[in-house]
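Per-entry structural report
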Amino acid sequence: MSAGNPDLRIVPLAAIKLQEGVTDAKANALARNLLLEKQIINPIVVAPLGETCFVQLDGASRLASLAIIGAPWAFVHVVEYKDVSLTTWVHATTMDSSALRRLDDKDAQIKLTEIRQRRIGGEGIEGYDLVATAMFADGDTLGIYSTGGLIKRARTAGQLIGLYKLKPEQRVDVDDDGINLAIEAARKLGSDGVAIEYANFSQTEVMQVVAAGEILPPGVTKHRLEQRVLMNYPLDILLDATASQNDQNKRLAEALSGIKFHPYRDRVIFQAEPWGNK
């Protein structure tokens, strides 16, 4: 493809490492939809990880669904991690505050404290890392902290999400007044409504988590891409275990030769026109 076009490839599914978890229900539902639609909706966004591997930045559920149906190949958009900004989400959900407070009763490496500020970056606990801030609809705000390093912090975030993973959840972008929007959404859920803002992980920390063989819980990292591709790709090609990677990318190149990319919206800057349009 010409300079400036997105770097689209077919790579072995096994070469991609997840950096965030997925829910079984979502992955299974998406797998059923893949088989029904017979195409993957948009490429999975990855960044290089060493010479032959990649780390998933966006599309964890799509990646998991491909694994469920036994696809050996993935359709990916390769980006340089340095060109991607990394933020976080605020979750609006419901939670029994007593269940949250029991976290530090069960684990000496977790501490909770009431804080005055309703935002990440307020009061701290010496020797502990901030995991998240839980802002309850009744006005109470708790800081959740962990000690024991990066992996413990990631696991603590997973424990926190486990307290409400079966309950309705609304994710709000931390940007664009997301905190206030999430708090308002939590209030509408009733007295046990809560808005939870997770502390940012850096790109270096994400890579360290992946290198350690761990994954972050779903909905903690938000990778904001300046380049995003809107393009579907036939599922039967990704299911072809007889083709080599070279053959797969020749097929992709042939498909791309019949597609025009053009700007579409802010940030979403590559959109494929229908197949066969010149």
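Quick caveat, the model's predicted, so the values are computed rather than measured.

Here we come to the overall build of the protein chain. A tally of helices and strands in the protein chain yields nine helices and 18 strands. Within the protein chain, the fraction of its 278 residues that count as buried is 47%. Here the protein chain displays about 13,500 Å² of accessible surface, and carbon together with sulfur accounts for 49% of that area.

Another aspect to go through is helix 2 (residues 60-68). Within helix 2, seven of the nine residues are buried, which leaves it mostly tucked inside the rest of the structure. Burial in helix 2 covers these residues: A60, S61, R62, L63, A64, S65 and L66. Just downstream of helix 2, G70 is the residue with a positive phi angle, here 85°.

Now for helix 1 (residues 24-37). Across its 14 residues, helix 1 extends 20 Å between first and last C-alpha, which sits within 8% of the 20 Å expected from 1.5 Å per residue. Listing the buried residues of helix 1 in full gives A27, A31 and L34. Along the long axis of helix 1, the arc covered by the buried residues comes to 60°, so they all point the same way. Helix 1 presents A25, K26, R32 and L36 as exposed residues on the side facing more than 90 degrees away from its buried surface. Elements that come into contact with the buried residues of helix 1 comprise strand 3 (39-41), helix 2 and helix 8 (235-238). Looking one or two residues past helix 1, K38 carries a phi angle of roughly 60°, positive in sign.

Another point: the sheet that holds strand 5 (residues 53-58). Ordered in space as 1-6-4-5-2, the five strands form an open sheet in which the pairing is mixed. Whereas interior strands pair on both sides, the edge strands pair on one side only; in this sheet they are strand 1 (7-12) and strand 2 (16-17). Against the sheet, helix 2 engages strand 2, strand 4 (44-49), strand 5 and strand 6 (73-78), with an angle of about 125° to strand 5. Its contacts with the sheet place helix 9 (residues 245-257) against strand 1 and strand 6, and it is angled at close to 150° to strand 1.

L57, M95, L100, I144, L160, I196 and Y198 are the most contacted members of the largest nonpolar core, which totals 35 residues. Contributing elements (two or more residues each) for this core: strand 4, strand 5, strand 9 (110-114), strand 10 (129-136), strand 11 (141-146), helix 5 (150-162), strand 13 (193-198) and helix 7 (203-211). Those residues in contact with I144 that sit more than four places away from it in its chain are L100, I110, K111, L112, D129, L130, V131, A132, A134, T156 and L160. Membership of the second largest hydrophobic core comes to 31 residues, among which are V46, I69, I237 and I259.

A few words now on the pattern of salt bridges. Using the criterion set out here, one finds nine salt bridges in the structure. The shortest N-O distance in the salt bridge between D7 and R9 comes to 2.8 Å. Classification of D7 by relative accessible area gives partly exposed; the value is 29%. Between E205 and R153 there is a salt bridge; the shortest N-O distance is 3.4 Å. Taken as a pair, E205 in helix 7 and R153 in helix 5 lie far apart in primary sequence, 52 residues in all. On the basis of relative accessible area, E205 is assigned to the partly exposed category, the value being 21%.

The next thing to look at is the packing of helix 5 against helix 7. Packing of helix 5 against helix 7 brings their axes to within 10 Å, and their N-to-C directions diverge by 90°. Comparing the axis directions of helix 5 and helix 7 gives the class roughly perpendicular. Here L150, I151 and R153 of helix 5 come into contact with helix 7, specifically with E205, Q208 and V209. Across the contact of helix 5 with helix 7, the residue classes tally to three nonpolar, one polar and two charged.

As a further point, take the confidence of the model for the protein chain. Taken over all residues, the pLDDT of the protein chain has a mean of 85, while the share at 70 or more is 88%. Contacts of residues 273-278 to residues separated by more than four positions or lying in other chains number 16 contacts, the stretch itself having pLDDT below 50.

With that settled, the discussion passes to the pairing of strand 10. The element strand 10 is largely enclosed, with a buried count of seven among its eight residues. One ladder, built from six bridges, connects strand 10 with strand 11; its direction is antiparallel. Paired with L130 across the strands is Y145, a residue of strand 11. In sequence, strand 10 turns back onto strand 11 through a hairpin of four residues, with G139 there showing a positive phi of about 105°. As defined by bridge partners, strand 10 adjoins strand 13 across five bridges and the pair is classed as antiparallel. From the neighbouring strand, M135 faces strand 13, where its bridge partner is A195.

Calculation notes
- Throughout this description, residue numbers start from 1 for each chain and increase along the sequence as written.
- Where totals are concerned, whole chains, interfaces and linings use all residues; where local detail is concerned, this predicted model gives features only for residues with pLDDT of at least 70, and gives and counts side-chain atom pairs only at 80 or more.
- Think of the side-chain values as coming from all heavy atoms in the structure, minus any hydrogens and water.
- Each helix corresponds to a stretch of at least 4 residues labelled H or I by DSSP, and each strand to a stretch of at least 2 residues labelled E; elements are numbered beginning at the N terminus.
- Categorising residues by exposure relies on relative accessible area from a 1.4 Å probe, with only protein chains included: less than 20% of the type maximum marks a residue as buried, more than 50% marks it as exposed, and the intermediate range marks it as partly exposed.
- For accessible areas, the Shrake-Rupley method is used with a probe of radius 1.4 Å. Any residue's cover is judged against the shown protein chains and nothing else.
- A helix's residues, less one, multiplied by 1.5 Å, set its expected span.
- Of all possible arcs, the one meant is that of the directions from the helix axis to the C-beta atoms.
- Contacts: residue pairs with any heavy atoms within 4.5 Å of one another.
- The pairing criterion is simple: DSSP has to find at least two bridges between the two strands.
- Where helices are involved, their axes are fitted lines through C-alpha atoms of the stretch in contact, as for all axes, and angles between N-to-C directions lie from 0 to 180°.
- Among buried residues, the Ala, Val, Leu, Ile, Met, Phe, Trp, Tyr and Cys ones that are joined through side-chain atoms within 4.5 Å form a nonpolar core.
- Each reported salt bridge corresponds to a side-chain nitrogen of Lys or Arg within 4 Å of a carboxyl oxygen of Asp or Glu.
- With respect to orientation, any angle under 35 degrees is reported as roughly parallel, any angle over 145 as roughly antiparallel, any angle of 65 to 115 as roughly perpendicular, and every other angle as oblique.
- Classes in brief: Ala, Val, Leu, Ile, Met, Phe, Trp, Tyr, Cys and Pro nonpolar; Asp, Glu, Lys and Arg charged; the others, Gly included, polar.
- pLDDT expresses, on a scale from 0 to 100, how confident the predictor is about each individual residue.

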